[in-house]
Amino acid sequence: MGDAVGTADQQPPEVVVARLRPHARVLFWPSVALIAICAGAGWLSGLVEAGWQRWAVLGAAALLALLLWAVPLLVWLGRHTVITTRRLIVRRGFFVRTRQELLHSRGYDLTVRRNAAQSLFRSGDVLVGTGLDRPVVLWDVPSADLVQATLHDLMEAASEPLARRRPVERPEPWGDDRGWTERPGR
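Quick summary incoming for the structure in this document.

Cut-offs and rules
Residues numbered from 1 in each chain as written. Predicted model: local features only at pLDDT ≥ 70, side-chain atom pairs only at ≥ 80, totals over all residues. Heavy atoms only, no water. Phe/Tyr/Trp six-rings, centres within 6.5 Å; stacked < 30°, edge-to-face > 60°. Lys NZ or Arg CZ within 6 Å of the ring centre and 35° of its normal. Axes fitted to C-alpha atoms, helices over the stretch in contact; angles between N-to-C directions. Helix = DSSP H or I, 4+ residues; strand = E, 2+ residues; numbered from the N terminus. Parallel < 35°, antiparallel > 145°, perpendicular 65-115°, else oblique. Contact = heavy atoms within 4.5 Å. Pairing = 2+ DSSP bridges. Core = buried A, V, L, I, M, F, W, Y, C linked by side-chain atoms within 4.5 Å. Buried < 20%, exposed > 50% of the residue type's maximum accessible area, 1.4 Å probe, protein only.

Aromatic ring pairs are described here by two measures, namely the spacing of the ring centres and the angle between the planes. Taken as a whole and assessed by the stated rule, the structure comprises two aromatic pairs. Taking 4.9 Å as the distance between ring centres and 75 degrees as the angle between the ring planes, the aromatic pair formed by Phe28 and Trp29 counts as edge-to-face. For Arg21, the ring lying beneath its charged end belongs to Trp76, and the centroid distance is 5.7 Å.

Take a look at the structure:
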C-alpha cells in the first residue's frame, strides 16, 4: 500500500520527443564545392608533368576541401537540439561546447521566423523567449511549425501538474472593504 502512494507522487520518466539539427540544405553548396574541387584537382593534376606540381595541386585541393566542405560540415554537426517531455536542451559548438537547458514548466514564448529559402523547405528559426536578454534560437529547424506546436503542448502538459499542486486561495472572511490598519476582531 505504501508503494502505491509513493508512485503516485513521482513524475513519469523523461522521454526524448525529438532530436533536431539544422536543415541539411545548408550542406548543398559545400557539397557542390567539394565535387568541383575534386574535379578540378583531377583535371589539373593531369595537366602538370612534374611530381612536385601534382603534389602541390593535391595539397591545394585538400586545403580547399577542408575549408569549403569540412568546416561547414563540422559547424552543422555541432548544432544539436533535444526536446524531451521535461526540457529543451540546445547544444552548440564542436570543440568548445555550449549547453542550454530550458524547463517546460517555467514557460516561455515561442516565435517562428522564416526567410524565403526557409519557406520553400518548411523550415524556420524558432525563437524561444525566456524573459532574459536574448531569446534562445533554434536555427533553421526542419518543420518549424510542428516544433512550435510540440513545444506548446509540452509546456501545457508541464504546467498542469504544477497547477494541481498549488494551494487554493480562499478569500478573507472580512472582505476587502477594510483598510490596511484595520484587523478582524477590532
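The discussion continues.
What follows covers the packing of helix H2 (residues 28–47) against helix H3 (residues 51–77). For any two helices packed against each other, the geometry comes down to the angle between their axes and how far apart the axes lie. The N-to-C vectors of H2 and H3 enclose an angle of 180 degrees; their axes lie 9 Å apart at closest approach. Between H2 and H3, the crossing angle belongs to the class labelled roughly antiparallel. Facing Pro30, Ser31, Ala33, Leu34, Ile37, Ala41, Leu44 and Ser45 of H2, the residues of H3 in contact are Arg54, Val57, Ala61, Leu64, Ala65, Leu68, Trp69 and Pro72.

Further remarks concern the sheet that holds strand S6 (residues 123–129). Read across the open sheet, the three strands follow the order S5-S6-S7; overall the sheet is antiparallel. In this open sheet, the two edge strands, each paired with only one partner strand, are strand S5 (109–113) and strand S7 (136–142). Neighbour to neighbour, the strand axes of the sheet diverge by 25 degrees on average, direction disregarded. Direction of pairing for S6 relative to S7: antiparallel, over a ladder of five bridges. Within S7, the position partnered with Leu127 by the bridge is Val137.

Moving on: the nonpolar core. Membership of the largest hydrophobic core comes to 17 residues, with the highest contact counts inside it found for Leu88, Tyr108, Val126 and Val128. For this core, the secondary structure elements donating two or more residues are strand S3 (87–92), S6, S7 and helix H5 (144–165). For this core, the element with the highest residue contribution is H5, accounting for five residues. Here Tyr108 is in contact with Leu88, Leu102, Leu103, Val128, Gly129, Thr130, Leu151 and Met155, once residues within four sequence places are set aside. Among the nonpolar cores identified, the runner-up in size contains five residues, and Ile37, Ala41, Val57 and Ala65 belong to it.

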